[in-house]
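Observations on the three-dimensional arrangement
Here are the chains, one letter per residue:
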Amino acid sequence: MLRWFGQTLTVAALSVRTIPQRLSSSAVAVIGIAGVVIVFVAVLSIGEGFRAAMANAGSPSRAIVLRGGADSEMTSGFPGGQADVMREAPGLKRVDNRALASPELYVMVDVNKRSTGTPANVPLRGIEAVALQVRDEARVVEGRMFQFGTNEAIVGRSATRQFSGVDLGSEYVAGNLRIKIVGVFDTGGTASETEIWCDSRLVQAVYQRGNSYQSLLASLDSPASFDTFKNWLTTNPQLNVQVRRETEFYEQQSQVMTGLIRGIGYTIAVLMGIGAVFGAILTMYTAVSTRTREIATLRALGFNTASVLISVLAESLALALIGGLLGGLAAYLAFNGYQTSTMNFQTFSQVAFAFAVTRSLLIQGLSYALVMGLVGGLLPAIKAARLPIATALREL
Amino acid sequence: MKYLPLVWRNLLRRKVRTIFTLASVFIAFVLYSFLMVVQAAFSMGVDMAGADRLMMLHKTGLIQLLPISYQQQIGSTAGVTHVSNASWFGGTYQDKANQFAVIAVGENYFELYPEAKIPEDQIKAWLADRQGAIVGRASAEKYGWKIGDKVPIQATIWQPKQGQTWFFNVDGIYDGERDFDKTNFFFHYEYLDENRRGAYGQVGWYVMRIDDPSHAAEIGARLDGQFINSSAETKTSTEKAFLQGFVNQVGNIKAMIIAILTAVLFTLFLLVLANTMAQAVRERTSELAVLKTLGFSNLLILTLVLAESMLLAIIGGGLGLAATYIAVGRGSFNNALLPVFIMRNRDVVIGLVLCCALGLVAGSFPAIMAMRLRITDALRRT
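Next up on the list: the nonpolar core. With 181 residues, the main nonpolar core has Ile33(A) and Val39(A) as its most contacted residues. It is helix H2 (residues 23–55) of chain A that contributes the most residues to this core, 19 residues altogether. When near neighbours in sequence (up to four residues on either side) are disregarded, Val39(A) contacts Ile268(A), Ala269(A), Met272(A), Ile260(B) and Ala263(B). Counting 50 residues, the second largest nonpolar core, distinct from the first, contains Tyr70(B), Tyr109(B), Ile134(B) and Phe168(B).

Shown next, in the form of structure tokens:
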């Protein structure tokens, strides 16, 4: 057994060591596999980045309340009186007897996208003072917080990066809406950073919403009190609302987009992978045929078929490993953290995010490369193992 | 042409190599086709937008509404021949995941969209039925709706006076060319306005036809000028510009597709084919020398190698294009998100050209290598 192992190792090492002699044909397999890994990792990093920006916007210890039947904040709405009722709900976190519940408005404004120079739907959120206590991850990092009762506003860090005309100190005008940007806020790169925040009274006035709101974001006294809070609201005859944990809400809002990107990404990866396997098969057939005499000699010397088979597979896997590492590295260097924004199909509003080349994506890419190498090496390996010694030695 | 059998024979000499090279080239062009289909889907009908149609929205964006009273004023503006209104309704059918565009429209809406093919009697039935709806063939097939069915739609934006559900009668089913969106659900604006709980007398946008597409900019400016300083200022653009704006919101899909395509064509096509041809030439060194000795000109040798490379490219690529064209051609994609799921004829032609060009590029280096062979060197080498 040990001898068999030793034999196999020797032959495998031999075939891997001689790769440089077959450089041009080996390059086909390496570059082919690297190409697949780059495309695979890059496309999926878009989906991953989008999902992360959305998922991290939510917190498990917060709940969002929308009107029954509404599928997003955009389409939701309820009178201010109902918001007062909601503040009485059990399970809410209270500070100095004040409920940490933030009634908000959510509309969209046209702001030009820097990359295209054309208008995009950027969310404008009307908030009250309590909002910053509820959204405790938000920090004003440049300028200052806006003053309530004025037309001042603060803008998310990603929004200033992706859109023009909403920089610190600028004034944004559209129709009856006129806001002055006095600060930039940060929420750690989440989807909320694509928004502009101002006084809810301003949104109510400009958009003729009277005393109404579209959503209520509530801090729970613990993640476990969600059910208490939800049941109280949904069984209250004064209200017609739906309650969701904020994490679930954002998860659901990102489903369509993430699913779409993943669907396209995996289709491309599978097709390209098949193509790269064909390339690898060609490479390995070439390798086997140029080494026909060498392999036959090994066999004649008494090396067993299994060691020949494994040596061809080892070579193919080595090429795949190089390709996979190169591809993963290139994708990481070229795309990780790349800032962009897109329109979420479920809400029609912009979400800024950064491509995220995660460790799990890199591992997936590398594993995929090795699978391609294994599949690509299989047929040529069998051919090599079955080589009839006598004829092979006579060849050439 | 008389050398074609020679080229063909050469291809058959190493069957395994030829087959896997063809397979790789085939996959490269299946991917090309798939990427073009995705791009067509994301361009959301910009190519098909009517040049003589304008869209008027509220100046601050799609979510602000416009008064219905504007319609008459728009209709009497010089240059405008037809005008109708539309309002986004949202809505879902049975399950929240079943989303498609539900739109409340004015009675003459379909006069503006001759692309939607509806039998005369169905239009008549719809006009006579306040609760009537006209639905796209793709959605009708997906959900099994037939003419005469009563369809419940759950409200998302507009709640009815009672409950959460709106009911409509399917009076007509529209069809259209394969690149026309057949997932929409249209019903009467009057019915929406009478039964919703607020925002009475307001519409989402106006669509109009103008007499001369080359005057689109002036007519647009004239229209917007009429509503300046009113309660709802407007923004009018061509339908194409409106859709393009929408596409731009998603991001630069085109650049991304081109980047992926470059990677695909380089790794699966160019590299593989060039390597195969280089190997073929290397193997046949002595043979090529014999051909030259027999009097084959350098140009002919060059042509023979190029022909072999292009033949591989065209067979593999052509099959790839054909396979996707047939697979996609079987009905449009039943997805309201990206309703137009087709391979455009234009993209097939571009694919074929690309295929020939890349075949030429891949073969050029080995072909030059073959052409430059010196008979004496080549014969001595073996």
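This part takes up the interface of chain B and chain A. At the interface, 43 residues of chain B touch 48 residues of chain A. Among the elements that take part in the side of chain B that touches chain A, helix H2 (residues 15–42) of chain B stands out by supplying 12 residues, more than any other. Classifying every residue of the side of chain B that touches chain A by side-chain character gives 21 nonpolar, 18 polar and four charged.

The next thing to look at is the environment of Thr118(A). Looking at the element boundaries, Thr118(A) is found in the loop between strand S5 (101–112) and strand S6 (119–127). Overall, the presence of 15 C-beta atoms within 10 Å leaves Thr118(A) in the partly exposed class. Put simply, Thr118(A) and Leu298(A) are 180 residues apart on the chain and 67 Å apart in space, counted from C-alpha to C-alpha. Every residue in contact with Thr118(A), bar those within four places of it in the chain, is listed here: Asn112(A), Lys113(A), Gly245(B) and Asn248(B).

We now examine the domain arrangement of chain A. All names here are of chain A. You can read the domains of chain A as domain 1 (2–55 + 254–394) and domain 2 (69–239). Taking only C-alpha atoms, the centre of domain 1 and the centre of domain 2 are 47 Å apart. Each side of the interface is counted separately: domain 1 has 13 residues, and domain 2 has 16 residues. Counting only elements with at least two residues in the side of domain 1 that touches domain 2, the list comes to H2, strand S15 (339–344) and strand S16 (349–354). Among the elements that line the side of domain 1 that touches domain 2, the one with the most residues is S16, at five residues.

Moving on, we get to the environment of Glu251(A). Position of Glu251(A) among the secondary structure elements: in helix H8 (residues 246–290). Residues Glu251(A) and Gly58(A), spaced 193 residues apart in sequence, show a C-alpha to C-alpha distance of 8.4 Å.

Moving on, we come to the sheet that holds strand S3 (residues 80–88) of chain B. Residues and elements named next belong to chain B. If you walk across this open sheet you meet the nine strands as S6-S7-S5-S8-S4-S3-S10-S1-S11, and the pairing is mixed. The open sheet terminates on both sides in strands that have one partner only, identified here as strand S6 (150–154) and strand S11 (234–238). Strand-to-strand, the axes of this sheet are offset by a mean angle of 35 degrees, without reference to chain direction. Sheet topology places strand S5 (residues 132–136) next to strand S8 (residues 185–188); three bridges connect them, and they run antiparallel. Bridged to Ala133 within S8 is Phe187. Set on the sheet, helix H5 (residues 120–128) makes contact with S5 and strand S7 (165–174); between it and S7 the angle comes to about 155 degrees. Here helix H8 (residues 216–226) sits on the sheet in contact with strand S1 (53–58), S3, strand S10 (205–210) and S11, set at roughly 165 degrees to S11.

Bring the parts together and some accessible area is lost; that lost area is often taken as the interface size. Each domain of chain B was delimited in the assignment, giving domain 1 (4–45 + 252–381) and domain 2 (60–232). Look at where the C-alpha atoms of domain 1 of chain B and domain 2 of chain B centre, and you get two points 48 Å apart.

Take the packing of helix H1 (residues 2–17) of chain A against helix H10 (residues 305–335) of chain A next. Residues and elements named next belong to chain A. Running from N to C, H1 and H10 point in directions that differ by 40 degrees, and their axes come no closer than 8 Å. Classified by the angle between their axes, H1 and H10 sit oblique to one another. In this structure, H1 meets H10 at a crossing whose hand is right-handed. Within the contact between the two elements, H1 uses Gln7, Thr8, Val11, Ala12, Leu14, Ser15 and Val16 and H10 uses Ala306, Ser307, Val308, Ile310, Ser311, Val312, Ala314, Glu315 and Ala318.

Rules and cut-offs
- Residues numbered from 1 in each chain as written.
- Chains lettered and ligands numbered in written order.
- Predicted model: local features only at pLDDT ≥ 70, side-chain atom pairs only at ≥ 80, totals over all residues.
- Core = buried A, V, L, I, M, F, W, Y, C linked by C-beta atoms within 7 Å.
- Buried ≥ 20, exposed ≤ 12 C-beta atoms within 10 Å, placed from the backbone.
- Helix = DSSP H or I, 4+ residues; strand = E, 2+ residues; numbered from the N terminus.
- Contact = placed C-beta atoms within 7 Å.
- Nonpolar A, V, L, I, M, F, W, Y, C, P; charged D, E, K, R; others polar.
- Domains from an automatic or database assignment.
- Pairing = 2+ DSSP bridges.
- Axes fitted to C-alpha atoms, helices over the stretch in contact; angles between N-to-C directions.
- Parallel < 35°, antiparallel > 145°, perpendicular 65-115°, else oblique.
- Left-handed = near helix turned anticlockwise from the far one by under 90°.

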